[in-house]
Amino acid sequence: MNDFTFWWQHLPSQMNPVIFSVGSIAIRWYGTMYIVAFGIVYLLSRYRIATEKLPFDKTFPGDALTWAMGGVLIGGRVGYILFYGFDWFLQDPIGTLIPIRFGSGTCAFSGINGMSFHGGLIGVAIAMWIFARKQKVDFLRTVDLFIPALPLGYTFGRLGNFINGELYGRVTTSAIGMYFPDAPTVELRHPSQLYEAFFEGIVLFVILWSIRKKAPWPGFLSGLYLIGYGTVRFFIEFFREPDAQLGFVFLNFSMGQVLCFIMIAVGVGIMAWSKARAAKAEVVGGGKK
């Protein structure tokens, strides 16, 4: 048992975020996890269309997720700058937005450091809204198609964070804690990335996937996802180390918790609005005044 505890607590220092390298190009686990996440959402959405007789053709998920990829990358980066790194942006606007470092007549790829889940979510929502308008399909039905599979894909994103040794938790005396090499102190910390992968990912996926066929109106699954994710993430943030450059932004709440509170409120709003919208459509469709 002691051997397992030692292995568990020192696991982060044994993981290599790089899968393999080809010359100066490194293939990293984090980027690969994004590909896996989109692949899972794509396959499960195709499965839903094939088995649940949803009003979408087989090419629809691929086209929609192409827009979603752009939305999550742009929204995630811009969201991180606005929510977590605005001071850095003011100091170096070009360097913050463009992952290229210039100097001594040369330029080199510096990498993209920092992505915000909430920013990515906003980016995806905007991309899906534009896509739905272009395709002349209902926005809420489009989002609801992907929502049940989204948490399972998200699970792999958090595993990528764990392998990177980033977004670690607060200091703990519990044996479940781990030593993260990039943490500011050599102390056991909650593996909050794994908490998020399990509760925001697997548990939320099981709930949404199990009720996907029982959704009473378009927008129900989307609203429930926002409420569910926001609630779970809000409580897990108590175990996650606040961003060093921000700390606690409101009372004893982190920026993530503030954004999750807003997320929950938006989810409740979508639930109420979409229910009223569906009821109105039913009345009009039934020929009633």
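1. Structural notes on the nonpolar core
Inference 1: Phe60, Met128, Phe146, Tyr225 and Tyr229 are the most contacted members of the largest nonpolar core, which totals 32 residues.
Inference 2: Sorting the residues of this core by element identifies α3 (29-52), α4 (60-83), α7 (117-135), α8 (139-146), α10 (192-211), α11 (220-236) and α12 (255-285) as the ones contributing at least two each.
Inference 3: With residues near it in sequence (within four places) discarded, Tyr225 still touches Phe117, Leu121, Ile147, Leu150, Pro151, Leu204, Leu208, Gly230 and Met263.
Inference 4: By size, the runner-up hydrophobic cluster in this structure holds six residues, among which are Leu11, Phe162, Met178 and Phe180.

2. Observations concerning the layout of surface pockets
Inference 1: When its volume is computed, the second largest pocket comes out at roughly 250 Å³.
Inference 2: Listing elements by their share of the lining of the second largest pocket, those giving two or more residues are α3 and α8.
Inference 3: Per element, the largest residue contribution to the lining of the second largest pocket is three residues, and it comes from α8.
Inference 4: For the lining of the second largest pocket, the residue count by class is nine nonpolar, no polar and six charged.

3. Some remarks on the packing of aromatic side chains
Inference 1: Applying the stated criterion across every chain yields a total of 20 aromatic pairs.
Inference 2: On the basis of an interplanar angle of 35° and a centroid distance of 5.6 Å, the ring pair of Phe4 and Trp7 is categorised as tilted. Of this pair, Phe4 and Trp7 both sit in helix α1 (residues 2-9), three residues apart, which is roughly one turn of that helix.
Inference 3: Since its relative accessible area comes to 47%, Phe4 is described here as partly exposed.
Inference 4: With 5.8 Å between their ring centres and 90° between their planes, Phe234 and Phe238 make a pair best called edge-to-face.

4. Quick look at the pattern of salt bridges
Inference 1: Scanning the model with the defined rule gives nine salt bridges in all.
Inference 2: In this structure, Glu196 and Arg158 form a salt bridge, with 3.0 Å as the shortest nitrogen-oxygen distance. Taken together, the residues Glu196 in helix α10 and Arg158 in helix α9 (residues 150-164) connect sequence positions 38 residues apart. Just as Glu196 is buried, Arg158 falls in that class too.
Inference 3: A salt bridge links Glu196 to Arg233; the shortest N-O distance between them is 3.8 Å.

5. Observations regarding the environment of Glu237
Inference 1: Looking at the element boundaries, Glu237 is found in the loop between α11 and β5 (248-250).
Inference 2: When its relative accessible area of 4% is taken as the criterion, Glu237 is described as buried.
Inference 3: Spatially, the C-alpha atoms of Glu237 and Gly256 are 7.0 Å apart, while their sequence positions differ by 19 residues.
Inference 4: Apart from residues no more than four positions distant in its own chain, Glu237 is found in contact with Arg170, Ser254, Gly256 and Gln257.

6. Regarding the packing of α3 against α4
Inference 1: Two elements in contact, α3 and α4, have axes separated by 10 Å at closest approach and are oriented at 150°. Taken together, the axis directions place α3 and α4 in an arrangement best described as roughly antiparallel. The crossing of α3 and α4 is right-handed. For the pair α3 and α4, contact is made by Phe38, Val41, Tyr42, Ser45, Arg46 and Ile49 and by Pro61, Gly62, Leu65, Ala68, Met69 and Val72, respectively.
Inference 2: Among the residues forming the contact of α3 with α4, the class breakdown is nine nonpolar, two polar and one charged.

Conventions we followed
- Residues numbered from 1 in each chain as written.
- Predicted model: local features only at pLDDT ≥ 70, side-chain atom pairs only at ≥ 80, totals over all residues.
- Heavy atoms only, no water.
- Core = buried A, V, L, I, M, F, W, Y, C linked by side-chain atoms within 4.5 Å.
- Buried < 20%, exposed > 50% of the residue type's maximum accessible area, 1.4 Å probe, protein only.
- Helix = DSSP H or I, 4+ residues; strand = E, 2+ residues; numbered from the N terminus.
- Contact = heavy atoms within 4.5 Å.
- 1 Å grid on protein atoms, 1.4 Å probe; cavity = no way out; pocket = protein on both sides within 12 Å on 5 of 7 lines; lining within 4 Å.
- Points joined across faces, edges and corners; volume = space filled by probe spheres on them.
- Nonpolar A, V, L, I, M, F, W, Y, C, P; charged D, E, K, R; others polar.
- Phe/Tyr/Trp six-rings, centres within 6.5 Å; stacked < 30°, edge-to-face > 60°.
- Salt bridge = Lys/Arg side-chain N within 4 Å of Asp/Glu carboxyl O.
- Axes fitted to C-alpha atoms, helices over the stretch in contact; angles between N-to-C directions.
- Parallel < 35°, antiparallel > 145°, perpendicular 65-115°, else oblique.
- Left-handed = near helix turned anticlockwise from the far one by under 90°.

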